[in-house]
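Read off the chains here:
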Amino acid sequence: MKISELIARLEEIKNKDGDLNVCVSKSHEYWGSVHSHLTDYNMSVSEYAQPDGKSGKYEKAVVFEY
């Protein structure tokens with residue numbers, strides 16, 4: 001995904017869902033550094049994001065998985 005494509009996708013989300021917070025999500029199993037291009041599959045809007053790992057505190061957010 002190019003920067004211009006990411007900006008356009010984020011603008012779509014903002015227009016539909018509002019100016020949401022952005023969170024990152026990572027796998028619990030991690031062995032070394034793996035880098036891959038961002039796709040729409042790596043980015044989603046979640047109704048149940050838990051920023052800073054605060055269990056039981058959910059918010060709607062844009063989530064980037066890595």
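It should be emphasised that the depicted structure is a prediction, and the values quoted were computed from it without experimental measurement.

The subject of this paragraph is the environment of Val45. Within the fold, Val45 resides in strand S2 (residues 43-49). You can call Val45 partly exposed: its relative accessible area is 31%. Val45 sits 17 residues away from Val62 along the chain, and the two C-alpha atoms are 4.5 Å apart. Once you skip the residues sitting within four places of it in the chain, Val45 turns out to touch Ile13, Asp17, Leu20, Lys60, Ala61 and Val62.

What follows concerns the sheet that holds S2. What the three strands build is an open sheet, ordered S1-S3-S2; its pairing is mixed. At either margin of the open sheet sits one strand with a lone partner, and together these are strand S1 (21-25) and S2. Ignoring strand direction, the axes of neighbouring strands in this sheet form an average angle of 45°. Two strands pair when backbone bridges link them, and S1 and strand S3 (residues 59-65) are joined in this way by five bridges, in the parallel orientation. Looking at the pairing, Cys23 lines up with Val63 of S3.

To continue, consider the packing of aromatic side chains. Enumeration over the complete set of coordinates arrives at one aromatic pair. With centroids separated by 5.8 Å and ring planes inclined at 90°, the aromatic side chains of Tyr48 and Tyr58 adopt a geometry described as edge-to-face. Separated by ten residues along the polypeptide, Tyr48 in strand S2 and Tyr58 in the loop between S2 and S3 bring together distant segments of the chain. Like Tyr58, Tyr48 is exposed.

Its place among the elements puts Asn42 in the loop between S1 and S2. At 2.8 Å, the side chain of Asn42 forms a polar contact with the backbone nitrogen of Thr39. Dropping the residues within four chain positions of it, Asn42 is found in contact with His37, Val63, Phe64 and Glu65.

What follows deals with the nonpolar core. Counting five residues, the largest nonpolar core consists of Ile13, Leu20, Met43, Val62 and Phe64. Beyond its immediate sequence surroundings of up to four residues, Phe64 is in contact with Leu6, Leu10, Val22, Cys23, Val24, Ser25, Leu38, Asn42 and Met43.

What follows concerns the confidence of the model for the protein chain. Here the protein chain averages 85 in pLDDT, while 88% of its residues score no lower than 70. Confidence, expressed as mean pLDDT per element, reaches its minimum in the protein chain at S1 with 89 and its maximum at helix H1 (residues 3-17) with 96.

The rules behind each value
- Residues numbered from 1 in each chain as written.
- Predicted model: local features only at pLDDT ≥ 70, side-chain atom pairs only at ≥ 80, totals over all residues.
- Heavy atoms only, no water.
- Helix = DSSP H or I, 4+ residues; strand = E, 2+ residues; numbered from the N terminus.
- Buried < 20%, exposed > 50% of the residue type's maximum accessible area, 1.4 Å probe, protein only.
- Contact = heavy atoms within 4.5 Å.
- Pairing = 2+ DSSP bridges.
- Axes fitted to C-alpha atoms, helices over the stretch in contact; angles between N-to-C directions.
- Phe/Tyr/Trp six-rings, centres within 6.5 Å; stacked < 30°, edge-to-face > 60°.
- Polar contact = N/O pair within 3.5 Å; in protein donor to acceptor, adjacent residues only side chain to side chain.
- Core = buried A, V, L, I, M, F, W, Y, C linked by side-chain atoms within 4.5 Å.
- pLDDT = per-residue confidence, 0-100.

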